[in-house]
Amino acid sequence: SIQVSNNLRVESGTLADNGNTIKVLNDVYNSGTTTYGGGINSSTQLGIHLNGSIIQEVAGTGSFGKLTIDNTNGAILPLGSTIQINNALRMNQGLFDIQGNLLALGVNCAIEGSGFNAFKMIQTNTSFTDNGIKKTFPAGAQTFMYPIGSMGKYTPLTLNITANSNSTGSITLKAASEVHPSILDDVESSCQLNDLNNVLQYYWILRSNGISGLSGTAQMNSLLTDVNISNPCGKTSADYITARLLITSTTWNKFTPDKFDEATGYLSFDFNATDDNGISGDYLC
């Protein structure tokens, strides 16, 4: 194992770690390929190990075998960077702020670590123009969690996939800490309320590409402080329902109140042998 006290630059070609850890104390630029020679879920073989004492940049458009974020000040993808991780992204400590860039996780890529929170997560900007986290999924059943957040809020999404027909499709996730732009304050027929103040102040964007035959459940964790209630009609958070706006539709799919847990802020959505058109959309409650 080696330590790079300043910057690590991979201009081209392949840097193979051969199971060793390459600790970097400053920035990383990669327009080539780094490969990982260790085992899955290894807590000692850390690949490219960001372990500095200042915010570290990960720039370029290259691919990584394993990348470990282990910096209390965090790491950031500068604008214009797009990276691919093929084996593992390990989160030991600190934010990984990808801003509006694309973070692509390969079909065999795992996210390692535990104890995710607002100070230890993958953070995106608040914009539908963000590129988000793209995960390619293998065929068959699996559980995968996106430890995502926006604007300092940790709002993960867990996919419990019970069936998936192919191993080339991907699902990209973005998070937005704001009211969905389609929510308008209109006039009710009976009790008048402010629509903007009675909807979750947060939403998730899913974009599916090449998925078919997918069944399972998506669970999203909102913050209870984003569950707004300003309601003269006597409604409470128990009356919240989950809803999604698929990109193939102009009408919200509305579900029953049991799909939102007002005690925890969990939203739940079911998928049954669906494809891209049944997944791609905006999700909230």
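Refer to the structure printed above.
Residues numbered from 1 in each chain as written. Predicted model: local features only at pLDDT ≥ 70, side-chain atom pairs only at ≥ 80, totals over all residues. Heavy atoms only, no water.

A word on the sheet that holds strand S18 (residues 148-150). Whether parallel or antiparallel, the strands of a sheet pair through hydrogen bonds between backbone atoms. Pairing is mixed across the open sheet formed by 8 strands, whose spatial order is S2-S5-S8-S10-S12-S15-S18-S19. Whereas interior strands pair on both sides, the edge strands pair on one side only; in this sheet they are strand S2 (8-10) and strand S19 (153-154). Here S2 runs beside strand S5 (residues 28-30); their pairing, made up of 3 bridges, is parallel. Considered in S5, the bridge of Val-10 is made with Asn-30. (Pairing = 2+ DSSP bridges. Helix = DSSP H or I, 4+ residues; strand = E, 2+ residues; numbered from the N terminus.)

Turning our eyes to something else, we now look at unusual backbone geometry. Here the phi dihedral of Asn-18 falls at roughly 55°; this positive angle occurs in a residue that is not glycine. Of note, Asn-18 is situated in the loop between strand S3 (14-16) and strand S4 (22-24). Residue class for Asn-18 comes out exposed when judged on its relative accessible area of 67%. Positive phi, normally seen in glycine, also occurs at Ala-273, with a value near 45°. For Ala-273, a relative accessible area of 55% gives the class exposed. (Buried < 20%, exposed > 50% of the residue type's maximum accessible area, 1.4 Å probe, protein only.)

This part covers the sheet that holds strand S20 (residues 157-163). On the basis of which strands lie adjacent, the open sheet formed by 5 strands has the order S17-S20-S23-S27-S26 and antiparallel pairing. Of all strands in the sheet, those with a lone pairing partner are strand S17 (142-146) and strand S26 (260-261), marking the two edges.

Bringing the state of the cysteines into the picture now. Every disulfide links exactly two cysteines, by a covalent bond between their sulfur atoms. Summed over all chains, the structure comprises 1 disulfide. Put simply, Cys-191 and Cys-233 are joined by a disulfide, and their sulfur atoms are 2.0 Å apart. Here the disulfide of Cys-191 and Cys-233 is left-handed, its torsion about the S-S bond being about -100°. Of this pair, Cys-191 sits in the loop between strand S21 (170-176) and strand S22 (203-209) while Cys-233 sits in the loop between strand S23 (214-221) and strand S24 (243-246); the two residues are 42 residues apart in sequence, bridging distant segments of the chain. On the accessibility criterion, Cys-191 (29% relative accessible area) is partly exposed. Judged by relative accessible area, Cys-233 falls into the partly exposed class, the value being 27%. Of all cysteine sulfurs in the structure, the one in Cys-233 sits closest to Cys-285, which takes part in no disulfide; the separation is 18 Å. (Disulfide = S-S within 2.5 Å.)

This part is about the pairing of strand S27 (residues 266-274). Pairing geometry for S23 and S27, over 7 bridges, is antiparallel. From the neighbouring strand, Ala-218 faces S27, where its bridge partner is Phe-269. Pairing between S26 and S27: 2 bridges, direction antiparallel. Across the sheet, residue Phe-260 finds its bridge partner in S27, namely Leu-267. Where S26 folds back onto S27 in an antiparallel hairpin, the turn is made up of 4 residues, including Gly-265, whose phi is positive at roughly 85°.

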